[in-house]
Amino acid sequence: MRLALLASAAVLAFAASSARAEEGMWTFDNFPIARANQTLGTNIDQAFLDRVRLSSVKFGGCSAGVVSGQGLVMTNNHCVATCVANLSTPQVNYAETGFTPKSREEELKCPGASAEILTDISDVTERMRKAGEGLEGQAFTQARDAEAGRIETEACGDDAKVRCQVVSLYRGGQFKLYKFRKYDDVRLAWAPEDRAATFGGDLDNFSFPRFAIDAAFIRLYEDGRPVETPIHFAWNADKPTEGEAVFVSGNPGATQRLLTMDQLATIRDVVLPLDQLIASELRGRLIRYSEEGEEQAFIAMDPIVGLENTYKRGRGRMAALIDPGFMTAKAAGEADFMQRYAAANGDGPDPWGALEAIQPTARELYPAMALLEGGTGLGTTSVAGGSQLFAYARTLVRGAQERAKPSDQRLPEFADSRLSGVQSRLFAERPTYPELEQIRLEWWLSKTREWLTVDNPYVATLLGKDSPEGLSARLVESTKLADPAVRRALWEGGLAAVQASTDPMIRYALAVDADARAVRAEWEEKVQAPTDRASEELATARFAAYGDSVYPDATGTLRLTYGLVEGSDVPGQRFSAFTTFAGLWDRATGAEPFAVAPKLLAAKDRIDPNAVMDMAVSTDTIGGSSGSPAINARGQIIGANFDSTVLTQRNAYGYDRAVNRSVIVTTQAVTVALRDVYGMDHLVEELGVSQ
């Protein structure tokens with residue numbers, strides 16, 4: 001039995017499966033209150049947790065916090081970048097000028113945006129497990145997905161103001177029903193100049209010191225009026241204190257800490273190399289395009305920033321997976337777990353062996369799944385290079401096909417309980433840029449041909465006798481899907497309208513869909529379903545071995561983590577806890593990326609040079625935590641998480657207190673910006689700050 005071979009390694013180090021000190025992205029229904037109080041010297045209670053949860057907001061792929069009784073919400077500037085881009089034109093570019101409405105009446109709706117507040121958590125583990133009993137392969141996956149859809153529909157029905165989601169935790173060890181209050185009218189209330197929020201550019205990204213005011217405000221509306229939010233974070237504009245306790249509440253995207261060593265090897269050897277290589281090429285193509293002129297630079301700005309984040313994040317994760325010390329600790333934790341499992345189960349089933357056996361298939365199938373379908377949960381590769389027009393076409397094609405079936409027989413993303421979100425995204429009035437769309441499609445087609453090879457039958461379907469350049473140009477030039485009225489008509493017309501459509505992007509999506517579905521079905525049958533089965537067994541064993549000291553991997557749902565305001569003193573990462581405006585002026589060179597934003601520079605004489613801009617905190621965060629409110633022990637908001645360091649990227653696979661640092665823009669800096677730079681006096685007053 002493979003368990004016996006590794007169990008002896010447990011003596012090498014501590015048990016990594018049991019959380020320590022500040023480690024853990026904890027769910028709100030299993031937060032270790034006593035341990036946090038003991039570690040931090042605080043005195044929080046359940047009432048504190050409830051207030052934090054009801055003041056925390058999920059905003060797209062980011063996090064945010066309610067900061068007034070009139071629906072005002074703070075997040076990061078980079079979290080509203082898409083909204084800013086959608087509201088801007090080359091002639092009126094809010095990324096350059098900042099968005100500074102002088103009253104609520106001037107706040108503008110973010111197209112397609114929604115925000116949610118988690119109101120309730122309930123356990124549905126027994127129902128979900130029963131749904132999959134006795135089933136294997138894709139039948140197991142489909143039965144679980146169908147049951148999740150039924151649970152969501154039962155809990156939320158057709159109420160457009162709520163959303164229900166069945167969340168898998170502990171890799172299938174638990175299933176919880178999360179119920180959200182949903183707001184589909186989200187308006188931009190303030191955003192600084194982009195250069196104020198991104199000072200230092202990619203050179204400073206994922207590093208500290210940082211000198212960025214990466215903050216923005218949105219407002220929740222309903223029935224044309226601001227939402228009343230009596231539960232919200234109190235604003236604290238004071239200077240933070242080194243060593244003080246900080247709680248960060250947000251929606252971390254995904255961690256993979258509960259994966260086995262064999263699964264991590266697949267990510268190291270297959271997933272990250274593919275993601276990194278092709279992302280770097282798309283970044284290069286977009287940079288070249290941005291250099292063609294001001295309009296091109298405007299169009300490419302937001303996508304480039306996103307790709308730079310992806311690339312640098314992947315670099316940090318690869319560094320962790322090839323770090324002998326880090327991986328030895330991971331192996332020791334796994335060996336300890338194996339030893340406990342073997343002692344309790346003797347010659348019982350071997351979930352580690354089952355997962356090991358799946359890896360050759362996962363390695364073989366991953367490139368096609370990532371490139372043609374996406375959604376593996378392992379990497380970040382996007383279908384069609386993130387082309388919005390192709391995404392519309394696939395949604396219309398699959399939506400029409402799936403809605404012709406009973407809800408419990410559909411792909412899970414098109415279940416009745418999720419259709420309102422699909423429609424909201426599909427009907428949103430977002431600008432599309434043909435040149436950008438062609439670059440994305442051309443890149444995707446060329447990289448898919450390169451990775452899957454010319455002779456692959458899927459590539460033959462994608463390209464036929466066309467070139468990536470010619471096909472992408474023809475599709476983008478001729479499609480009408482940029483028009484939301486066209487998309488709405490096709491959606492409402494159903495399968496007959498889609499099948500009768502002559503739009504070339506629709507015809508193309510129809511032509512390639514069968515292959516993409518086949519790739520997905522094979523992945524679900526041979527990788528996802530057996531992985532879920534073995535992971536469920538591991539989760540049960542983990543609870544038996546470690547009890548509730550175990551926290552689940554991040555899943556893009558609300559979590560709470562905690563730590564201290566603290567610098568770092570490890571090789572490659574030595575810095576104090578704070579940066580100030582004085583440091584910004586010292587760092588400025590007048591040339592990009594160290595050119596200070598014009599309005600910020602003009603206000604230099606009005607700004608206290610000792611005011612703290614950004615701070616480092618030992619909290620456990622990851623992508624998706626952007627915008628997360630940073631809260632003191634009194635429940636006051638003192639900042640918003642917006643970055644971490646390159647070394648911190650290893651926290652996808654495990655928390656390392658020596659290097660894990662979240663980077664927080666302080667409420668003191670935001671107050672300075674609102675009051676002394678951008679003249680947002682009405683927001684300063686709303687936040688309760690004395691002038």
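Residues numbered from 1 in each chain as written. Predicted model: local features only at pLDDT ≥ 70, side-chain atom pairs only at ≥ 80, totals over all residues. Heavy atoms only, no water.

**Regarding the overall build of the protein**
Across its full length, the protein carries 24 helices and 20 strands. For 691 residues, the compact-globule estimate of 2.2 N^0.38 gives 26 Å, and the protein sits close to it at 25 Å. The contacts in the protein between residues at least 6 apart in sequence include a share of 79% that link residues at least 24 apart. Counting every atom, the protein has about 26500 Å² of accessible surface; 51% of that belongs to carbon and sulfur. (Helix = DSSP H or I, 4+ residues; strand = E, 2+ residues; numbered from the N terminus. Rg over C-alpha atoms; globule rule 2.2 N^0.38 Å. Contact = heavy atoms within 4.5 Å. Areas by Shrake-Rupley, 256 points an atom, 1.4 Å probe, with all protein chains shown as cover.)

**What about the environment of Ala 539?**
Note on placement: Ala 539 falls in helix α20 (residues 504-546). Judged by its relative accessible area of 1%, Ala 539 falls in the buried class. Taking the C-alpha atoms as reference, Ala 539 lies 9.4 Å from Pro 552; in sequence the two are 13 residues apart. (Buried < 20%, exposed > 50% of the residue type's maximum accessible area, 1.4 Å probe, protein only.)

**Some words on the packing of aromatic side chains**
For the structure shown, the criterion picks out 20 aromatic pairs. Between Phe 390 and Trp 444 the ring centres are 5.4 Å apart and the planes differ by 45°, which places this aromatic pair in the tilted class. With Phe 390 in helix α14 (residues 388-403) and Trp 444 in helix α16 (residues 434-452), the pair connects residues that are 54 residues apart, well separated along the chain. Taken as a pair, Phe 390 and Trp 444 share a single burial class, namely buried. Each member of the aromatic cluster is reached from another via a ring pair, and the members are Phe 31, Phe 48, Phe 247 and Tyr 562. Its guanidinium or amino end placed over the ring of Trp 491, Arg 403 lies 3.8 Å from that ring's centre, counting from NZ or CZ. Stacked on the ring of Phe 427, the Lys or Arg Arg 488 has its end atom at 4.0 Å from the ring centre. (Phe/Tyr/Trp six-rings, centres within 6.5 Å; stacked < 30°, edge-to-face > 60°. Lys NZ or Arg CZ within 6 Å of the ring centre and 35° of its normal.)

**Let's talk about the side chain of Thr 648**
Summarising the element assignment, Thr 648 is placed in the loop between β19 (636-644) and β20 (662-666). Look at Thr 648 and you get buried, because its relative accessible area is 1%. In this structure the side chain of Thr 648 is engaged in a polar contact, spanning 3.1 Å, whose partner is the backbone nitrogen of Arg 661. With sequence-adjacent residues up to four places away left out, Thr 648 is seen in contact with Val 659, Asn 660 and Arg 661. (Polar contact = N/O pair within 3.5 Å; in protein donor to acceptor, adjacent residues only side chain to side chain.)

**A short note on helix α12 (residues 324-345)**
Compared with an ideal rise of 1.5 Å per residue, which puts 22 residues at 32 Å, α12 spans 31 Å between its outermost C-alpha atoms and is within 8% of the ideal. All buried positions along α12 are accounted for by Phe 326, Met 327, Lys 330, Ala 332, Gly 333, Glu 334, Ala 335, Asp 336, Phe 337, Met 338 and Tyr 341. Between the side-chain oxygen at the start of α12 and the backbone nitrogen of Gly 325 there is a gap of 3.0 Å, and the oxygen is on Asp 323. Of the residues flanking the end of α12, it is Gly 346, one or two places downstream, whose phi is positive at about 60°. (Expected span 1.5 Å × (residues − 1).)

**Side note on helix α19 (residues 484-500)**
In this model α19 runs just 18 Å from its N-terminal to its C-terminal C-alpha over 17 residues, more than 12% under the 24 Å that 1.5 Å per residue would give. When the local axis directions of α19 are compared, the greatest deviation, roughly 130°, occurs at Gly 494. Inspection of α19 places Arg 487, Leu 490, Trp 491, Gly 494 and Val 498 among the buried residues, and these make up the whole buried set. Taken together, the buried residues of α19 touch α14, α15 (419-427) and α20. (Bend = angle between axes of the 7 residues up to and from the residue.)

**Focus on the domain arrangement of the protein**
Domain boundaries assigned for the protein yield domain 1 (31-114 + 184-256 + 552-686) and domain 2 (261-547). In this structure, domain 1 and domain 2 have C-alpha centres spaced 29 Å apart. Residue-level contacts link 25 residues of domain 1 with 28 residues of domain 2. Interface area for domain 1 against domain 2, summed over the two sides, is near 2400 Å², with a carbon-plus-sulfur share of 56%. When residues of domain 1 are sorted by the area they lose upon contact with domain 2, Gln 256, Arg 650 and Tyr 653 head the list and together hold 28% of the total. Between domain 1 and domain 2 we count two salt bridges in total. Between Asp 323 and Arg 650 there is a salt bridge; the shortest N-O distance is 3.3 Å. Where domain 1 meets domain 2, there are six residue pairs in polar contact (both at pLDDT 80 or more). Elements that contribute at least two residues to the side of domain 1 that touches domain 2 include exactly α4 (81-87) and α9 (201-204). Looking at the side of domain 1 that touches domain 2, the element that brings in the most residues is α4, giving four residues. Across the side of domain 1 that touches domain 2, the residue classes break down as twelve nonpolar, ten polar and three charged. (Domains from an automatic or database assignment. Buried area = accessible area lost by both parts, 1.4 Å probe. Salt bridge = Lys/Arg side-chain N within 4 Å of Asp/Glu carboxyl O. Nonpolar A, V, L, I, M, F, W, Y, C, P; charged D, E, K, R; others polar.)

**A few points about the state of the cysteines**
In protein chemistry, a disulfide is the covalent bond that joins the sulfur atoms of two cysteines. Inspection of every chain in the model, using the stated rule, returns three disulfides. Sulfur-sulfur distance for the disulfide between Cys 156 and Cys 164 comes to 2.0 Å. With the S-S bond torsion at 75°, the cross-link from Cys 156 to Cys 164 turns out right-handed. Note on Cys 164: relative accessible area 4%, which makes it buried. Looking at the protein, its bonded cysteines, counted consecutively from the start of the sequence, adopt the pairing 1-2, 3-4, 5-6. (Disulfide = S-S within 2.5 Å.)

**A word on the nonpolar core**
If you look at the biggest cluster of nonpolar residues, it comprises 154 residues, and the most contacted ones within it are Trp 190, Phe 217, Trp 444, Phe 581 and Leu 600. The dominant element in this core, judged by the number of residues it contributes, is α20, at 13 residues. Per-domain counts for this core show at least three residues from each of domain 1 (31-114 + 184-256 + 552-686) and domain 2 (261-547). Discounting residues that sit within four places of it in the chain, Trp 190 has contacts with Phe 99, Thr 100, Ala 215, Ala 216, Phe 217, Val 670, Ala 673, Leu 674, Tyr 678, Met 680 and Leu 683. Membership of the second largest hydrophobic core comes to 24 residues, among which are Val 73, Cys 79, Ile 117 and Val 227. (Core = buried A, V, L, I, M, F, W, Y, C linked by side-chain atoms within 4.5 Å.)

**Section: the side chain of Ser 625**
Here Ser 625 shows up in the loop between β17 (612-617) and β18 (629-631). Note on Ser 625: relative accessible area 3%, which makes it buried. Those residues in contact with Ser 625 that lie beyond four places of it in its chain are Ser 63, Asn 251, Pro 252 and Asn 641.

**Points about the confidence of the model for the protein**
Confidence along the protein averages 92 in pLDDT terms, with 97% of residues attaining 70 or more. Here residues 1-18 scores under 50 on pLDDT; set against residues more than four positions off or in separate chains, the count is 47 contacts. (pLDDT = per-residue confidence, 0-100.)

**A look at the pairing of strand β12 (residues 245-250)**
Across the six residues of β12, six count as buried, placing the element largely inside the fold. In this structure, β12 lies alongside strand β13 (residues 559-564), joined through six bridges in antiparallel fashion. Looking at the pairing, Ser 249 lines up with Leu 560 of β13. Sheet analysis places β12 next to β18, joined by two bridges and oriented antiparallel. When the bridges of β18 are listed, Phe 247 appears paired with Ile 631. (Pairing = 2+ DSSP bridges.)

**Considering the pairing of strand β3 (residues 72-75)**
Of the two faces of β3, the one carrying Leu 72 and Met 74 and the one carrying Val 73 and Thr 75 are both buried. When strand β2 (residues 62-66) meets β3, the two strands line up antiparallel, connected through two bridges. The partner of Gly 65 across the bridge, within β3, is Met 74. Between the end of β2 and the start of β3, which pair antiparallel, lie five residues, with Gly 71 showing a positive phi angle near 75°. Two elements, β3 and strand β9 (residues 216-222), share four bridges in a ladder whose sense is antiparallel. Within the sheet, the bridge partner assigned to Met 74 lies in β9 and is Phe 217.

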